[in-house]
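# Observations on the model geometry
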Amino acid sequence: MKFYRIKISSWTAGFRYPNILSGFQPTLEVPPLSTVLGLINACAGKYLEYRDFKIGYYFEFGAKEVDLETIYQIERTEKNTPKNDVKSNVLRREFLYDCRLYLYLQDEKMADYFRRPYFPLLLGRSSDLASVDSIEEVELEEILDADRICGQIVPFRGNFLPGGIQALPQYFTDEIPRRNLGTMPYTVISCKSVSGETTLSAYRDVIEGKDVDIYLHQLALENEC
């Protein structure tokens, strides 16, 4: 099957756990779908609707470390206005180094957005600037009972693959405050591990000499909670 394979790289990246707001800040080892769809929005320069949309992606990194970060905390008054007092605090935050994200799209228009991105691309926070390295057309063979799935997230229900389990949103609304769309449990499979034999269909690619089976997400998002 034909895909547009888009390679994106960054020095650093970080993908926060949705429910951890204070204390030590770990990072997911694979970006959620919402982050990947947000990249497409940034390239397009507008909020896009993703209905009957298919996308696959693979993420790898060279190392994971912990940094110290100073944050500034501002309290609010009873009238919901900020106080003049500002308190500083130091927390430990994980980050990923030497990162590469490969996107697999079937829609040529979506791929074309990456040729001239409208907004800067980020793999996490505002300091995690990313760049588009290449856009290629590739033919990938469908693999039944895929056994080389890594560097990806896969829906947990019905698959039960080895890896960390985390509830993640697929997308967000464009209203204020934003609402989650399509939140569901996913198995997070790092690029440092391999799923082993599964019952999933995927598409095999060779990335820097490594066989990787790309799971294709099929999105049918509706603007509802």
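Preceding this paragraph is the structure being described.
Anyway, here's the lowdown on the structure attached to this text. (Residues numbered from 1 in each chain as written. Predicted model: local features only at pLDDT ≥ 70, side-chain atom pairs only at ≥ 80, totals over all residues. Heavy atoms only, no water.)

Below, the discussion takes up the overall build of the chain. Looking only at helices and strands, the chain has two helices and 14 strands in total. On C-alpha atoms alone, the chain measures out to a radius of gyration of 18 Å, which is about the 17 Å that the 2.2 N^0.38 rule sets for 225 residues. Its C-alpha atoms give the chain principal-axis dimensions of roughly 60 × 35 × 35 Å. The buried share of the chain, reckoned over its 225 residues, is 44%. Sequence separation of 24 or more characterises 76% of the internal contacts of the chain that already satisfy a separation of 6 or more. Counting 26 positive and 33 negative side-chain charges, the chain places the averaged centre of each group 6 Å from the other. (Helix = DSSP H or I, 4+ residues; strand = E, 2+ residues; numbered from the N terminus. Rg over C-alpha atoms; globule rule 2.2 N^0.38 Å. Buried < 20%, exposed > 50% of the residue type's maximum accessible area, 1.4 Å probe, protein only. Contact = heavy atoms within 4.5 Å. Lys, Arg positive; Asp, Glu negative; His and termini not counted. Charge placed at Lys NZ, Arg CZ, Asp CG, Glu CD.)

Once that is clear, we can look at helix α1 (residues 33–44). Across its twelve residues, α1 extends 17 Å between first and last C-alpha, which sits within 8% of the 16 Å expected from 1.5 Å per residue. In terms of residue burial, α1 counts as a mostly covered element, since ten of its twelve residues are buried. Among the residues making up α1, those that are buried are L33, S34, V36, L37, L39, I40, N41, A42, C43 and A44. One or two residues past the end of α1 sits G45, with phi positive at roughly 80°. (Expected span 1.5 Å × (residues − 1).)

Pairing in this open sheet of six strands is antiparallel, and the strands run β4-β5-β1-β3-β2-β14 from one edge to the other. The strands lining the two open edges of the sheet, one partner per strand, are β4 (121–122) and β14 (217–220). Strand contacts of α1: β1 (2–13), β2 (51–76), β3 (82–105), β4 and β14, with the helix running at about 95° to β2, the strand carrying the most contacts. (Pairing = 2+ DSSP bridges. Axes fitted to C-alpha atoms, helices over the stretch in contact; angles between N-to-C directions.)

So, on to the layout of surface pockets. Roughly 1000 Å³ of internal volume is contained in the largest pocket. Around the largest pocket, the lining is made up of 38 residues, and of these G14, R16, T35, G124 and R125 lie nearest the centre. Sorting the residues of the lining of the largest pocket by element identifies β1, α1, β2, β3 and β9 (171–172) as the ones contributing at least two each. At six residues, the largest contribution of residues to the lining of the largest pocket is made by α1. Partitioning the lining of the largest pocket into residue classes produces 17 nonpolar, eleven polar and ten charged. (1 Å grid on protein atoms, 1.4 Å probe; cavity = no way out; pocket = protein on both sides within 12 Å on 5 of 7 lines; lining within 4 Å. Points joined across faces, edges and corners; volume = space filled by probe spheres on them. Nonpolar A, V, L, I, M, F, W, Y, C, P; charged D, E, K, R; others polar.)

Moving on, we get to the pattern of salt bridges. When charged atoms on two side chains of opposite charge get close, those side chains can pair. Counted according to the given criterion, the structure contains 17 salt bridges. E69 serves as the salt-bridge partner of R93, at 2.8 Å between the closest nitrogen and oxygen. Of this pair, R93 sits in strand β3 while E69 sits in strand β2, and the two are 24 residues apart along the sequence. The two residues R93 and E69 agree in class, both being buried. (Salt bridge = Lys/Arg side-chain N within 4 Å of Asp/Glu carboxyl O.)

Taken together, the side chains of Y72, I74 and V86 make up a nonpolar region of the molecular surface, amounting to roughly 350 Å² of accessible area. Position of Y72 among the secondary structure elements: in strand β2. (Patch = residues over 30% accessible without salt bridge, like charges linked within 9 Å, V, L, I, M, F, W, Y side chains within 5 Å. Areas by Shrake-Rupley, 256 points an atom, 1.4 Å probe, with all protein chains shown as cover.)

Next up on the list: the packing of aromatic side chains. As enumerated under the stated definition, the model contains ten aromatic pairs in all. Note on Y58 and Y102: the rings are 6.1 Å apart at their centroids and 35° apart in plane angle, and the pair reads as tilted. Taken together, the positions of Y58 in strand β2 and Y102 in strand β3 put the pair 44 residues apart, joining distant regions of the chain. The two residues Y58 and Y102 agree in class, both being buried. Aromatic pair Y118 and F119: ring centres 4.8 Å apart, planes at 75°, arrangement edge-to-face. On the basis of relative accessibility, which here comes to 60%, the residue Y118 falls in the exposed class. Residue F119 is classed as partly exposed on the basis of its relative accessible area of 44%. One aromatic cluster in this structure is built from Y47, Y50, F53 and Y171. (Phe/Tyr/Trp six-rings, centres within 6.5 Å; stacked < 30°, edge-to-face > 60°.)

Coordinates in, geometry out; function isn't part of it.
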